[in-house]
Amino acid sequence: MGEGKRYRMRQNNIRNFSIIAHIDHGKSTLADRILEQTGLISQRDMKEQFLDNMDIERERGITIKLQTTRLVYKAKDGQEYIFNLIDTPGHVDFNYEVSRSLAACEGALLIVDATQGVEAQTLANAYLALEEDLEIVPVINKIDLSSARPDEVKKEIEDILGIEAENAPLISAKEGINIEDVLEAVVQRIPAPSGNTDESLKALIFDSYYDNYKGVVVYTRIFDGTIKKGDRIKMMASKKNYEVTETGVFAPFPTPVSSLKAGDVGYITASIKQVADARVGDTITGAEHPTEKPLPGYKKVIPMVYCGIYPAEGEKYENVKDALEKLQVNDAAFVFEPETSTALGFGFRCGFLGLLHMEIIQERLEREFDLGIITTSPSVIYKVVKTDGAVEMIQNPSNLPSVQQIDYMEEPIVEADIMVPNEYVGNIMELCQERRGVMKHMEYLDANRVVLHYDMPLNEVIYDFFDALKSKTRGYGSLDYDLKGYERSRLVKLDILLNKEPVDAFSMIVHESKAQYRGKFVCEKLKEVIPRHMFAVPIQASVGAKIIARETVKPLRKDVLSKCYGGDISRKKKLLEKQKEGKKRMRQFGEVEVPQEAFTAVLKYDEKK
Amino acid sequence: MKPLGLYVHFPFCIKKCHYCDFLSFEKISYEIIADYCNAVIKEIEKRKQDLNDYTVDTIFLGGGTPSLIPEESLEKIIVSIYNNFHIANDIEFTIESNPKTLSKEKLDFFLSSGINRISMGVQALDDTLLNFIGRVHSVQDFYKNYYEAREAGFRNINTDLIFAIPNQSMKKWQDTMEGIIELKPEHISFYSLKYEEGTPFYERYSSGEWTENDEEDRNMYWHAVNKLRRKGYIHYEISNAAVPGYECRHNLKYWSMEEYLGIGLGAHSYLRNLRFSNERDLNKYIQNANNMEDNRIWIYQNKIKDDISEFIFTGLRKRKGICLNDFNERFKGSIEQFFPKEIDNLLSGNWIEIKENQMMLTDRGVDVSNSIMSKFIIL
């Protein structure tokens, strides 16, 4: 058999696919079962949810970084198939990454929880997969639960998504029931990749990570041509050239192979210094014989949410900087630059895809890098049109020009799709109205579930909207949003004053109509977390010179220890040391000591308020 | 010869009070008490050799309830102290006692043993309150013992009082103060009730049965201070007042970074720049002592920063405060050099004052003294 023919036979036996699902519908568990069943990983060696390899991912049960695995499956037809399973991130913040990894596939397994049915992200992900023209194979999971209703869920999939679900495998990923049906469906229903090895190289970057020894490891899907060690390649968007140092596949750990050919999924390394040089969505081609047109769909991801990150008391600026640099090497969507705050000193203004992305970076700084950090109120990017006609994009409230210099301001608006059970529609409409949402339309998915389509200012979404949504729907509500554009808005800068001194780290830009509410909320929250001082501490919220809310932390009335018995000075000393240490962990603003948690407390949703 | 305070701990009570978290046991057999007293003597003998250059000028028998100790055991201990240490002629020798555990004979014995000061835990002149906080004695028991002590010849008596007890009205506290001052004790201690972890009162407090009323607490405190001042007592320490000349010299050592040796279960010492404390397990303590083994479980060599912090925070417990010349001499620098910002803020806030080379808390500073003291802690 000739080389080419052998390869085509091999190409026919490749299946590139993703698993997509709403959060908690069992995506990672199914991936684990597939890995186990194809013998790639023994049960004993497997950490629960192998593909989610960050601790935070495992704890939150979501996937942030993609994982890709090549497995070999011996099908009932007696042939061996190569499965390239491309895992996708499971959150709205990472939609673009999801769409690129789907672009690397021919098909997708759509997991739907047999007890929950179709949910917001089921829809959003299915649409993404349809946009990429993928063959969608519905899989109904959790059939072992007594509340499972597979027939109804099948009907939902057909009615809502318009996807044939009659033959959908009914499985329990957790219990390992009917996993083989899934594997057979992959073989039979997902098409083999097309593409020609003789044409110029055309490969899609769908993810990357930074390795200390090899540089950036690029996850790629080859559409046309061949790539091997020593090839000169070119990134078509970033226009940078490299020489390939290694090609390989994930089996599941990176394993070098001599080449990757059309239809293959694997990785390349090429001494690339940071992930921003190998952007997700970019097309790799040969430097000498480049392809004419790049693959469609490339876009540079832009941060939507910003906040300040500062070293906490006792933490070094340099340590935070090093950690942020390390994170950035691995995360092209994360940006930062130095800034200073009068309250917090030297720190960084950081940009994120969304709130979850922000929380994840914060958590990684704290856990992986063991850093003490303070985060300021998140902000979106406002467009400020000045009286002289100049336009400024502002993401730090402190940089807002003075009122006299501003002609008008615009704020980002998102299209939000909120899926809720029928009974909570009233609650959510109320919530959205509170958050300045404008309802576009409302869709009944079935007798029980409704999708509400709202246009909503992003700055109303980033504080605590998601928490409020969850709380008001007993966890059943789900949210998906996309940037729509900018709209003119009456915005003001809300300042918080402690003991009559403004603390810039608490400043935020809010809609005029929300200033009073926000100001009161922050003052009340701060009153709860700021300990009593030897003097009364006024907490005020102001817009310009006008005070719009005030609370007072009453002074300490009694802080005196009476008995010291039998000369046990050490006990008293320990108490005083504890008191002092407590203060050390606080931020000092003038004479006022503010605990670190105050910065997050003012952002948290509070059901009582 | 250097002066030394000697503390001996007796961890036994008839019954633990509901608020008490001191190291003390109730319902203990006389055999164990006798064993314990022998162990104490062993510890005294063991310490003897490193104390040749010291003269003991204060002794404090504390507890627990030292007045419970059988005469025979107590005598052996006192004899052992006299035999093993140099004793100053003008010694202040205190025994703590609880009403109902005293008798004319016992008081005579105390005096004849050299004990010249007696401290009585009366706590309140109200039987309902005494019962409520778990005391075993009545107001009447106290009066009887108090007069007996006077008759026996005690010229230096302290009474311990507690205020801010749940359901204790201001009126009741005023009555207690009035009644005590009428007796003209030389010394009065007054402590506000604290809910200490591990006590029955703490359980009730944390279950929400009572809340702390800081306002009432401070009102009661200042009522006592003002009344005592009017009656000629010197408010010489946050929780203590005395007729001039009767300040407790032993307790003042604690607040003045002077040396003291603690003997007995869980006792604390400050000696030759070391702070150390003893075993807290009764059986282990007795066993170790019998084997002539060291009973210290914690020894810490004070660093300069510890000395500075302790000198200030203990010194501020005294109303006349700390002597700034002493500070300069001890630490080769002024307190303002060490704590410029703190002193400045505290002075301008009228939390502390400096006069005639003494730095002290103001009255309003007393109420938040922990906050003030913690500013002088060097971590």
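Starting afresh in each chain, residues are numbered from 1 along the sequence in its written order. Starting at A for chains and at 1 for ligands, labels are handed out in the order in which the entities are written. Only residues with pLDDT of at least 70 are given local features in this predicted model, and only at 80 or more are side-chain atom pairs given and counted; all residues enter the totals for whole chains, interfaces and linings. To obtain the side-chain values, all non-hydrogen atoms of the structure were included, while hydrogens and water were left out.

J.: It is not clear to me how the sheet that holds strand 15 (residues 283–286) of chain A should be interpreted in this structure. Could you clarify?
T.: Strand pairs in the sheet, formed through backbone hydrogen bonds, run parallel or antiparallel to each other. Residue and element names in this part refer to chain A. Should DSSP find at least two bridges between two strands, the strands are taken to pair. Helix numbering and strand numbering both begin at the N terminus, where a helix is a DSSP run of H or I of at least 4 residues and a strand a DSSP run of E of at least 2. Taken together, the eight strands give an open sheet; going across it, the order is 10-9-15-6-7-14-11-12, and neighbouring strands pair in antiparallel fashion. If you trace the sheet from one side to the other, it starts and ends with strand 10 (241–243) and strand 12 (254–256), each paired once. Across the sheet, the mean angle from the axis of one strand to that of its neighbour is 40 degrees, orientation sign disregarded. Along the sheet, helix 4 (residues 95–103) makes contact with strand 6 (202–211) and strand 7 (215–224), crossing strand 6 at roughly 130 degrees. Structural elements are reduced to axes, namely lines fitted to C-alpha atoms, with helices fitted over the stretch in contact, and the angle between N-to-C directions of any two is expressed from 0 to 180 degrees. Contacts between residues were defined by any pair of non-hydrogen atoms, one from each residue, lying within 4.5 Å.

J.: Would you take a moment to explain the interface of chain A and chain B for this structure?
T.: Note on interface size: it is often stated as the accessible area lost on association of the parts. Taken together, the contacts link 27 residues of chain A with 43 residues of chain B. A combined buried area of about 3,600 Å² lies between chain A and chain B, and 56% of that area is made up of carbon and sulfur atoms. A side-chain nitrogen of Lys or Arg and a carboxyl oxygen of Asp or Glu constitute a salt bridge if their distance falls within 4 Å. Where chain A meets chain B, there are seven salt bridges. The closest approach of N and O atoms between Arg 571 of chain A and Asp 21 of chain B, which form a salt bridge, is 2.8 Å. Side-chain atoms alone can form a polar contact between residues adjacent in sequence; in general such a contact is a pair of N or O atoms within 3.5 Å, and within protein one must be able to donate a hydrogen while the other accepts it. Scanning the region where chain A abuts chain B turns up 17 residue pairs in polar contact (both at pLDDT 80 or more). Residue type decides the class: Asp, Glu, Lys and Arg count as charged, Ala, Val, Leu, Ile, Met, Phe, Trp, Tyr, Cys and Pro as nonpolar, and the leftover types, Gly among them, as polar. Along the lines of polarity and charge, the residues of the side of chain A that touches chain B split into eight nonpolar, five polar and 14 charged. Accessible area, probed at 1.4 Å, shrinks when two parts are joined; the buried area is that loss added up over both.

J.: What's the story with the confidence of the model for chain B in this structure? I'm lost.
T.: Note that predicted coordinates carrying low pLDDT should not be read in detail. Averaged over every residue, the pLDDT of chain B is 96; the share at 70 or more is 100%. Model confidence for the complex is summarised by a pTM of 0.70, with the ipTM given as 0.91. The predictor attaches a confidence to each residue, called pLDDT, with possible values from 0 through 100.

J.: What exactly am I supposed to notice about the environment of Asn 12 of chain A here?
T.: All names here are of chain A. Counting through the fold element by element, Asn 12 comes out in helix 1 (residues 3–12). Taking C-alpha positions, Asn 12 is 8.4 Å from Ser 194, a pair spaced 182 residues apart along the chain. Ignoring sequence-local partners within four residues, the contact set of Asn 12 consists of Tyr 81 and Ala 192.

J.: Just to check I follow, could you spell out the confidence of the model for chain A for this structure?
T.: All names here are of chain A. When pLDDT is averaged along chain A, the result is 86; 92% of the residues meet or exceed 70. Note on residues 46–52: pLDDT is under 50 here. Beyond four places in sequence and across chains, it has 29 contacts. Here residues 60–66 is a poorly scored stretch, pLDDT under 50, and it has 34 contacts once near neighbours within four places are set aside; other chains count.

J.: Just to check I follow, could you spell out unusual backbone geometry for this structure?
T.: Glycine aside, residues mostly have negative phi angles, and peptide bonds mostly take the trans form. All names here are of chain B. Cis geometry marks the peptide bond from Gly 63 to Gly 64; its omega dihedral reads 15 degrees. Relative to the helices and strands, Gly 64 resides in the loop between strand 4 (54–63) and helix 2 (71–84). Despite not being glycine, Lys 27 shows a phi value in the positive range, around 50 degrees. In this fold, Lys 27 is placed in the loop between strand 3 (25–26) and helix 1 (30–48). Judged by its relative accessible area of 69%, Lys 27 is exposed. Only protein chains enter the area calculation, which uses a 1.4 Å probe; residues under 20% of their type maximum are buried, those over 50% are exposed, and those in between are partly exposed.

J.: What should I look at first to understand the pairing of strand 6 of chain A in this one?
T.: Side-chain direction in a regular strand flips from residue to residue, so the side chains alternate between the two faces of the sheet. All names here are of chain A. Most of strand 6 sits inside the fold, with eight of its ten residues counted as buried. Where strand 6 lies against strand 7, nine bridges are found, and the strand directions are antiparallel. Within strand 7, the position partnered with Asp 207 by the bridge is Tyr 219. Between strand 6 and strand 7, which pair antiparallel in sequence order, lie three residues. Here strand 6 runs beside strand 15; their pairing, made up of two bridges, is antiparallel. Bridge pairing links Ala 203 to Ile 284 in strand 15.

J.: Is there a simple way to explain the pattern of salt bridges in this structure?
T.: Think of it this way: side chains of opposite charge can pair up when their charged atoms draw near. Enumeration over the complete set of coordinates arrives at 58 salt bridges over all chains. Across the pair Glu 152 of chain A and Arg 149 of chain A runs a salt bridge whose closest N-O atoms are separated by 3.4 Å. Judged by its relative accessible area of 22%, Arg 149 of chain A is partly exposed. Put simply, Arg 557 of chain A and Asp 367 of chain B hold a salt bridge, and the shortest N to O gap is 3.2 Å. Of this pair, Arg 557 of chain A sits in the loop between strand 30 (546–553) and helix 14 (569–584) while Asp 367 of chain B is found in helix 15 (residues 363–367), placing the two residues in two different chains. When salt bridges with common partners are traced through the structure, they connect Arg 557 and Lys 558 of chain A together with Glu 215, Asp 217, Arg 218 and Asp 367 of chain B into a single cluster.

J.: I'm lost on the packing of helix 8 (residues 317–330) of chain A against helix 9 (residues 355–367) of chain A in this one. Help?
T.: Think of two packed helices as two axes; the pair is described by the angle between the axes and how far apart they sit. Residue and element names in this part refer to chain A. Following both chains from N to C, one finds helix 8 and helix 9 inclined at 125 degrees, their axes separated by 11 Å at the closest point. Overall, the two elements helix 8 and helix 9 adopt an arrangement that is oblique. Of the two elements, helix 8 crosses helix 9, and the hand of that crossing is right-handed. The residues of helix 9 that touch helix 8, namely those facing Ala 323, Leu 324 and Leu 327, are Ile 361, Arg 364 and Leu 365. Looking at side-chain class alone, the contact of helix 8 with helix 9 contains five nonpolar, no polar and one charged residues. Just so you know how the angles are binned, under 35 degrees is roughly parallel, over 145 roughly antiparallel, 65 to 115 roughly perpendicular, and the rest oblique. Crossing chirality is assigned from the near helix's rotation relative to the far helix, an anticlockwise turn below a right angle marking it left-handed and a clockwise turn marking it right-handed.

J.: Before we go on, may I ask you to explain the nonpolar core in this structure?
T.: Nonpolar side chains tend to gather and get buried jointly when the protein is soluble and globular. All names here are of chain B. Among buried residues, those of type Ala, Val, Leu, Ile, Met, Phe, Trp, Tyr and Cys that are joined through side-chain atoms within 4.5 Å constitute a nonpolar core. Phe 110, Phe 190, Ile 312, Met 359 and Ile 372 are the most contacted members of the largest nonpolar core, which has 119 residues in total. The biggest single contributor to this core is helix 1, with seven residues. Domain boundaries shown here were taken from an automatic or database domain assignment. Here this core spans two domains, and each of domain 1 (2–255) and domain 2 (304–374) adds at least three residues to it.

J.: Got a minute to help me understand helix 11 (residues 304–315) of chain B in this structure?
T.: Residues separated by three or four positions in an α-helix point in the same direction, a consequence of the helix having 3.6 residues per turn. By this rule the span expected of a helix is its residue count minus one, scaled by 1.5 Å. With twelve residues, helix 11 of chain B should cover 16 Å at 1.5 Å per step; its first-to-last C-alpha distance of 16 Å lies within 8% of that length. Along helix 11 of chain B, the positions that sit buried rather than exposed are Asp 306, Asp 307, Ile 308, Ser 309, Glu 310, Phe 311, Ile 312, Phe 313, Thr 314 and Gly 315 of chain B.

J.: Hey, could you run me through the sheet that holds strand 3 (residues 80–87) of chain A in this one?
T.: All names here are of chain A. Reading across the sheet, the five strands line up as 2-3-1-4-5 and stay open at both edges, with mixed pairing between neighbours. Edge positions in the sheet fall to strand 2 (68–74) and strand 5 (135–141), since each of these pairs with one other strand and no more. Averaged over all adjacent pairs, the angle separating strand axes in this sheet is 30 degrees, with direction ignored. Of the strand pairs in this sheet, strand 1 (residues 14–21) and strand 4 (residues 107–113) are connected by five bridges, and their pairing is parallel. The residue of strand 4 that forms the bridge with Ala 21 is Ile 111. Where helix 5 (residues 120–131) meets the sheet, its contacts fall on strand 1, strand 4 and strand 5, and the angle it forms with strand 1 comes to roughly 150 degrees.

J.: What is the right way to look at helix 9 of chain A in this model?
T.: Residue and element names in this part refer to chain A. For helix 9, spanning 13 residues, the distance from its first C-alpha to its last is 18 Å, which sits close to the expected 18 Å at 1.5 Å a residue. Most of helix 9 sits out of view: ten of its 13 residues are buried. When we look at burial in helix 9, the residues that qualify are Leu 355, Leu 356, His 357, Met 358, Ile 360, Ile 361, Gln 362, Glu 363, Arg 364 and Leu 365.

J.: Please clarify how the layout of surface pockets should be interpreted in this entry.
T.: One way to see where empty space is left: roll a probe the size of a water molecule over the atoms. Put simply, the grid is 1 Å and covers the protein atoms alone, a cavity is a trapped set of points that fit a 1.4 Å probe, a pocket is an open set with protein on both sides within 12 Å along at least five of seven lines, and lining residues have an atom within 4 Å of a point. Grid points are joined across faces, edges and corners, and a volume is the space filled by probe spheres set on the points. The volume enclosed by the second largest pocket comes to roughly 1,500 Å³. Along its surface, the second largest pocket is lined by 44 residues, and Asp 559, Gln 579 and Lys 583 of chain A together with Ser 371 and Ser 374 of chain B are the ones closest to its centre. Elements with a minimum of two residues in the lining of the second largest pocket: helix 14 and strand 31 (586–589) of chain A together with helix 7 (200–206), helix 14 (340–348) and helix 16 (369–374) of chain B. With seven residues, the top contributor of residues to the lining of the second largest pocket is helix 14 of chain A. Its residues assigned to classes, the lining of the second largest pocket comprises 13 nonpolar, ten polar and 21 charged. Two domains each provide a minimum of three residues to the lining of the second largest pocket, namely domain 1 (2–255) and domain 2 (304–374) of chain B.

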